[in-house]
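Tertiary structure, described
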Amino acid sequence: MVKIAISGATGGVAQEVLDVLAARKKHEIILISRNIIPTEKLAPGVTSVQTDYKNEEELVKTLQGVNTVLCFIVSQSDPGSVSQKVLINAAVKAGVKRYAPSEWASSGFDHMPWYEGKAKIREYLAELNKENKVLEYCLFHPGLFTNYFARPYKTSEHVVAFELQWDFNGRRAIVIDGTDGGSINFITIKDFTDVIARAVEFEGEWPLVGGIRGDVLTVEQLVALGEKIRGPFLVERVPIDDLKRMSFKTSWLPIADHPAIPVETRKEVAAGMVSGILQAVNAGAFSVTDEWNKLLPDKKFTTAEEFLTEVWEGKP
């Protein structure tokens, strides 16, 4: 049993991880959030603390006796990464052993300015341990959740499947012309949360980079899988130079209805997100290493084809 703190605890991914950890009934869990979390909604062994992440000493008190901090603070809601830096400082002062920064996605951030805060925290943690190891931490890289391609069907309790430029429901895709589009690591939320729970209980030292390799497909292979499962796709191919210049034209754009993106800006940012994600994937940002696969060799992962075939079977 270890004492765990989960910050940014009301976000979808954080809640998925919380459910799995709480179900194991092995740990004392503290939820740290800007929002008030009603006590009646908490599982046995789970408590909550409200904070604005401004009072470092209060966070130090909250983190007393905590072994592991899992951070899910959304970088877009933390200008300058100020809140996460305060949390890291408090963790060090409180004697926390392990810290997982708010990564939980790509291995690289090129072409995705909305992930700028994640890059800043990588730099901050590296500087913290520059002379000697002050805090053990791991950059967890799961890639992309396979569940997103089940939209609009619900395949997880808390994570919202937002629209992407590879749309199984609409049988359509936007891809880069003349390439395979780059590779993406796909992992189901169920497999992801299982690995995180096992990582919390892992007795050895965490790796600095923590890739979780599920099923790797190129964009072209993903589209081919979509057509195998769903039938022919309308595939629109865009020259990469047009993406870079933001001068590309397509018959549709996915509207990223992610909770972190304000409703009033979703149409405005759609083209930029398509351009950024396509270029990022092509540059290898969603390819991940396999550190946790090696540390948990008995873990079996569900393939994208297995998961999506089951989801879409019999669907119109």
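The residue numbers shown here count from 1 along each chain, following its written sequence. In keeping with the model being predicted, local features are shown solely for residues with a pLDDT of at least 70 and side-chain atom pairs are shown and tallied solely at 80 or more, while totals for entire chains, interfaces and linings include all residues. As a rule here, side-chain values cover all heavy atoms of the structure and leave hydrogens and water aside.

Named according to an unreviewed UniProt entry, the protein chain is NAD(P)-binding protein originating from Periconia macrospinosa. UniProt positions are given in the numbering used here, feature names are shortened, and annotations may be inferred rather than shown by experiment. According to its UniProt record, the protein chain has this under Sequence similarities (unreviewed entry): "Belongs to the NmrA-type oxidoreductase family. Isoflavone reductase subfamily."

Moving on, we come to the overall build of the protein chain. From N to C terminus, the protein chain includes 10 helices and 14 strands. Both definitions apply: the radius of gyration is a C-alpha atom measure, and the globule rule equals 2.2 Å times residues to the power 0.38. In summary, the protein chain has a C-alpha radius of gyration of 20 Å against a globular reference of 20 Å for 316 residues, a match within 12%. Think of it in three bands: with a 1.4 Å probe and only protein chains considered, a residue is buried below 20% of the maximum accessible area for its type, exposed above 50%, and partly exposed in between. Put simply, the protein chain has 316 residues, and 51% of those count as buried. Long-range pairs, those at least 24 residues apart, make up 76% of the contacts in the protein chain between residues at least 6 apart in sequence. Every accessible area reported is derived by Shrake-Rupley at a probe size of 1.4 Å, with residue values counting cover from the shown protein chains alone. If you sum the accessible surface of the protein chain, you get close to 14400 Å²; carbon and sulfur atoms cover 51% of it. Counted as positive: Lys and Arg. Counted as negative: Asp and Glu, with His and the chain ends omitted from the count. For the purpose of locating charges, the reference atoms are NZ of Lys, CZ of Arg, CG of Asp and CD of Glu. Measuring between centres, the 36 positive side-chain charges of the protein chain sit 2 Å from its 42 negative side-chain charges. Segments assigned H or I by DSSP are reported as helices when at least four residues long, segments assigned E as strands when at least two residues long, and all are numbered from the N terminus. We call two residues in contact whenever any of their non-hydrogen atoms come within 4.5 Å of each other.

Taken together, 3 strands build an open sheet; the order of strands is 9-10-14 and the sheet is mixed. With one partner strand each, in any of the chains shown, strand 9 (166-167) and strand 14 (234-238) form the two edges of the open sheet. Any two strands are treated as partners once DSSP identifies two or more bridges connecting them. With 5 bridges connecting them, strand 10 (residues 172-176) and strand 14 associate as parallel partners. Residue pairing in the sheet places Ala173 in a bridge with Val235 of strand 14. Contacts from helix 6 (residues 219-230) reach strand 9, strand 10 and strand 14, with the element oriented near 165° to strand 10. Together, strand 9 and strand 10 form the strand contacts of helix 8 (residues 266-282), whose direction differs from that of strand 10 by roughly 60°. Note on geometry: axes are lines fitted to C-alpha atoms, helical ones only across the stretch in contact, with angles between N-to-C directions running from 0 to 180 degrees.

Let's shift gears to the pairing of strand 11 (residues 183-187). Burial analysis of strand 11 places 4 of its 5 residues in the buried class, the great majority of the element. As paired strands, strand 8 (residues 144-145) and strand 11 are joined by 2 bridges and run parallel to one another. Its bridge partner lying in strand 11, Phe145 is registered against Ile187. Inspection of the sheet shows strand 11 paired to strand 13 (residues 215-218) by 4 bridges, in the antiparallel sense. Of the residues in strand 13, the one forming a bridge with Ile184 is Leu217.

The next subject is the sheet that holds strand 11. Across the sheet, 3 strands lie side by side as 8-11-13; this open sheet has mixed pairing. Looking along the sheet, the strands with just one partner apiece sit at the ends: strand 8 and strand 13.

Only the six-membered ring of Trp is used, alongside the rings of Phe and Tyr, when aromatic pairs are assigned; centres must lie within 6.5 Å, and planes under 30 degrees apart are stacked while those over 60 apart are edge-to-face, with the rest tilted. Enumeration according to the criterion identifies 16 aromatic pairs in this entry. Arranged with centres 6.0 Å apart and planes meeting at 75°, the rings of Phe109 and Tyr115 form a pair that is edge-to-face. Given a relative accessible area of 14%, Phe109 falls into the buried group. On the basis of an interplanar angle of 5° and a centroid distance of 5.7 Å, the ring pair of Phe140 and Trp292 is categorised as stacked. Of this pair, Phe140 sits in strand 7 (residues 139-141) while Trp292 sits in helix 9 (residues 291-295), and the two are 152 residues apart along the sequence. Taken individually, Phe140 and Trp292 each receive the classification buried, so the pair is uniform in this respect. Among the aromatic residues, ring-to-ring pairing joins Phe72, Trp104, Phe140, Phe145, Tyr148, Phe162, Phe192, Phe202, Trp206 and Trp292 into one connected group. Sitting over the face of the ring of Tyr115, Lys118 holds its NZ or CZ atom 5.0 Å from the ring centroid. A ring has a charge above it when a Lys NZ or an Arg CZ is no more than 6 Å from the ring centre and no more than 35 degrees off the ring normal. The ring of Trp252 has Arg172 sitting right over it, with the charged end atom 3.8 Å from the ring centre.

The alternating pattern of strand 4 (residues 68-71) places Thr68 and Leu70 on one face and Val69 and Cys71 on the opposite face, and all of these are buried. Alignment of strand 1 (residues 3-7) against strand 4, held across 4 bridges, turns out to be parallel. Bridging from a neighbouring strand, Ile4 pairs with Thr68 of strand 4. Inspection of the sheet shows strand 4 paired to strand 5 (residues 98-100) by 3 bridges, in the parallel sense. Opposite Thr68, over in strand 5, you have Arg98 as the bridge partner.

Annotation of the protein chain at the domain level lists domain 1 (2-137) and domain 2 (146-185 + 215-285 + 302-312). Each domain span listed reflects an automatic or database assignment of domains. Here domain 1 and domain 2 have C-alpha centroids that lie 29 Å from each other. Taken together, the contact pairs 14 residues of domain 1 with 14 residues of domain 2. For any pair of parts, buried area is found by adding up, for both, the accessible area (1.4 Å probe) each one loses once the two are put together. Interface area lost by domain 1 to domain 2 is led by Glu16, His111 and Trp114, which between them contribute 48%. In the scheme used here, Gly and all other residues not listed as nonpolar or charged are polar, with Ala, Val, Leu, Ile, Met, Phe, Trp, Tyr, Cys and Pro taken as nonpolar and Asp, Glu, Lys and Arg as charged. Grouping the constituent residues of the side of domain 1 that touches domain 2 by class yields 4 nonpolar, 7 polar and 3 charged.

With numbering aligned to this structure, UniProt lists the feature "domain: NmrA-like" (unreviewed entry) at residues 3-308. Spanning residues 3-308, this segment combines 34% helix with 18% strand, and its end C-alpha atoms are found 36 Å apart.

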